[in-house]
Amino acid sequence: MIVPFLDLKSINLCFRDDFHAALDRVLDSGQTILGEEVHFFEQEFASYCDVNHCIGVGTGLDALYLVLNAWGIGHGDEVIVPSNTFIATWLAVSHTGALPIAVEPDPASFNIDPIGIEKAITPRTRAIIVVHLFGQPADMDEIMSIAEKYGLKVLEDAAQAHGARYYGRRTGGLGHAAGFSFYPSKNLGALGDGGAITTNDPELADRVRALRNYGSRIKYRNQEKGFNSRLDELQAAFLRIKLPYLDAGNSRRNEIATLYQKKLRNPCIESPTVCVWAESAWHLYVIRTQRRDELMQHLEGLGIGTSIHYPMPPHMQDAYNDSSMAGNINPLASQLAGELLSLPMGPHLSDEQVNVVIQACMEFH
Ligand SMILES: *Cc1c(COP(=O)(O)O)cnc(C)c1O
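As a starting point, this report considers the structure included with it. (Residues numbered from 1 in each chain as written. Predicted model: local features only at pLDDT ≥ 70, side-chain atom pairs only at ≥ 80, totals over all residues. Heavy atoms only, no water.)

Quick look at the sheet that holds strand β1 (residues 53–57)
Okay, so step 1: Strand order in this open sheet of seven strands is β1-β9-β8-β5-β4-β2-β3, and the pairing throughout is mixed. Single-partner strands in this sheet number two, and they are β1 and β3 (99–103). If you compare each strand with its neighbour and ignore which way they point, the axes differ by 25° on average.
Okay, so step 2: Direction of pairing for strand β8 (residues 177–181) relative to strand β9 (residues 195–199): antiparallel, over a ladder of four bridges. Note on β9: the bridge partner recorded for Ser181 is Gly195.
Okay, so step 3: Helix α3 (residues 36–48) rests against β1, β8 and β9 of the sheet, and its axis sits at about 130° to β1.
Okay, so step 4: Taken strand by strand, helix α4 (residues 60–70) contacts β1, β4 (125–131), β5 (153–157), β8 and β9, and its axis lies near 160° from that of β8. (Pairing = 2+ DSSP bridges. Helix = DSSP H or I, 4+ residues; strand = E, 2+ residues; numbered from the N terminus. Axes fitted to C-alpha atoms, helices over the stretch in contact; angles between N-to-C directions. Contact = heavy atoms within 4.5 Å.)

Okay, structure coming up:
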C-alpha cells in the first residue's frame, strides 16, 4: 500500500520506549487491577474532557451499557438511538432489556436528526443516545432541550470523538453522561480494549464506579449485582502516555481534512459537511458517492487503502432480525451504507500521501 488506510503500528511504535517504561512501572508497583495508573488516568481524562468524573471500564460498549444500567433502564423501556451508527450503540440498549428505537440521520451531517428524535418519543422513552459520528459532535443544544422538555436522559456515545468540541465545549460533558472507547483504532487508542464513562453527576459516577467492580464500594461488600468491567491497569498506563499527544493528533487530522476539503474536486464525490458548531475530531474522513464500490476499487488499484463505515446498518443485521424490530426500515441509513467511503485519515499520513489520495479521487470518472 502506498497510502494505508490506517497504520496503528507506526502510531504506537513512536511510544515504544515509554510503553516499556510503563510496563516496568506497573511491574514494580505490584498493582495490576485498579491501581494508580487507572486512578491517575481517570483524573487526567476527566480534566481533558472538562468533566468532574471519569470511570475507567473494560470497553466502549460496557461504558454505554453501565450508564443505562445505572439509570435503571430495562424491560419495557425505550431508548432512542441513531439508525446510522456502529452496532455497539444499539447493543448497549438491548443488553439492558430495553428497546432501541432508531431515528434517521440528518443527511448532511450523518448525525441523528433532532426533529426525528421528538417524533420518536413515546411514554416509554427513557433516554436518548447520541453518537458523535466520525468525530463530529451532534446537535447537542437542540437535543438537550428536547430531553429537558420530556424528562429524558442523554448519553453521548463519544467513542469516535475524543477531544472534539461543540461550540468550544469538549465532548464527554455535553449530555448527562458519555461513553468513550479506547479500542486501538480510536483517536485515543490503547494496546487492547478499554473504555471510560465521563459525567458531571456525582451520584451516577458513584453508581457506575461500583457497578464496574462487582457492585462493591468496600472490599467483599456488594450493595448491588454488579459486573466485572474495569479498565486494565496496563492499558491505563499506556493511555496516560498517549493522552498528552491527543490534541496534536487531532490537529494533524484536521489539517488532513482541510487538505481534502480544499483540493478534492470531483462532481461525483460529496465531501463531508462540517456543522457550524463543530470542531470535529476527524476520527474518519467519510465521503459520499453513488459509485462507491467502483471508487473503492479504483483507489485500491492505485495502492490506496479505504474502508466502509458501515457496510450494513444495525437494523439489517441478523442480530436485529426479530419481531421487536418490525417496521424498522430506516431507508436513509440503508442508503448511506451503500454510498459512504472512508478515505485514509490519521496522524500517520504525510501531506504527500494525502495529495496522492486527492489526485487519485480527482482522476476517477
Ligand atoms: C468503537 C465504538 C463503540 C464500541 O467501543 P468498543 O470499545 O469496541 O466496545 C461504540 N460506539 C461507537 C460509535 C464506536 O465507534
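Describing the sheet that holds strand β6 (residues 165–166)
Strand pairing within a sheet occurs via backbone hydrogen bonds; the two strands may be parallel or antiparallel.
Okay, so step 1: Pairing within the open sheet is antiparallel, and its three strands lie in the order β7-β6-β12. The strands lining the two open edges of the sheet, one partner per strand, are β7 (169–170) and β12 (278–279).
Okay, so step 2: Pairing between β6 and β7: two bridges, direction antiparallel. Bridging across to β7, Arg165 finds its partner in Arg170.

Digging into the pattern of salt bridges
Okay, so step 1: Using the criterion set out here, one finds 17 salt bridges in the structure.
Okay, so step 2: Ionic pairing is found between Arg288 and Glu339, a salt bridge with its closest N-O pair at 2.8 Å. Residue Arg288 is located in strand β13 (residues 285–288), and its partner Glu339 is located in helix α12 (residues 331–339); the two are separated by 51 residues in the primary sequence. We note that Arg288, like Glu339, is buried. (Salt bridge = Lys/Arg side-chain N within 4 Å of Asp/Glu carboxyl O. Buried < 20%, exposed > 50% of the residue type's maximum accessible area, 1.4 Å probe, protein only.)

Some thoughts on the nonpolar core
Okay, so step 1: Among the nonpolar cores identified, the biggest contains 30 residues, and Leu68, Trp71, Val79, Leu155 and Ile197 are the most heavily contacted of them.
Okay, so step 2: Contributions of two or more residues to this core are made by β1, α4, β2 (78–82), α5 (88–94), β4 and α8 (202–211).
Okay, so step 3: A per-element tally of this core places α4 first, with seven residues.
Okay, so step 4: Excluding residues within four positions of it along the chain, Leu155 makes contact with Leu64, Val67, Leu68, Trp71, Ile128, Ile129, Val130, Ala177, Ala178 and Gly179.
Okay, so step 5: Listed in part, the 24 residues of the second largest apolar core include Leu259, Leu295, Leu341 and Val357. (Core = buried A, V, L, I, M, F, W, Y, C linked by side-chain atoms within 4.5 Å.)

Re unusual backbone geometry
Okay, so step 1: The amide bond that connects His309 to the next residue, Tyr310, takes the cis arrangement and shows omega of 5°.
Okay, so step 2: By the secondary structure assignment, Tyr310 is in the loop between α11 (292–301) and α12.
Okay, so step 3: With a phi close to 60°, Tyr214 is a non-glycine residue in the positive phi region.
Okay, so step 4: By secondary structure assignment, the location of Tyr214 is in the loop between α8 and β10 (216–218).

A few points about the site of the ligand
Okay, so step 1: Residues in contact with the ligand amount to 13 residues; listed here are only the nearest, Gly60, Asp157, Gln160, Ser181 and Lys186.
Okay, so step 2: Contacts to the ligand include Gly60, whose backbone N or O atom sits 2.8 Å from an oxygen atom.
Okay, so step 3: Contact between the ligand and Gln160: an oxygen atom at 2.9 Å from a side-chain N or O atom of the residue.
Okay, so step 4: Looking at the shell around the ligand residue by residue, the class counts come to six nonpolar, five polar and two charged. (Near = heavy atom within 4 Å. Polar contact = N/O pair within 3.5 Å; in protein donor to acceptor, adjacent residues only side chain to side chain. Nonpolar A, V, L, I, M, F, W, Y, C, P; charged D, E, K, R; others polar.)

Some remarks on the pairing of β13
Okay, so step 1: Here β13 shows a buried face lined by Tyr285 and Ile287 and a second buried face lined by Val286 and Arg288.
Okay, so step 2: By the bridge criterion, four bridges tie β13 to strand β14 (residues 340–343) in an arrangement that is antiparallel. Note on β14: the bridge partner recorded for Val286 is Ser342.

Observations regarding the environment of Tyr260
Okay, so step 1: Structurally, the position occupied by Tyr260 is in helix α10 (residues 246–263).
Okay, so step 2: Residue class for Tyr260 comes out buried when judged on its relative accessible area of 0%.
Okay, so step 3: Put simply, Tyr260 and Asn355 are 95 residues apart on the chain and 8.2 Å apart in space, counted from C-alpha to C-alpha.
Okay, so step 4: In contact with Tyr260, not counting residues within four places along its chain, are Tyr285, Leu343, Pro344, Val354, Val357 and Ile358.

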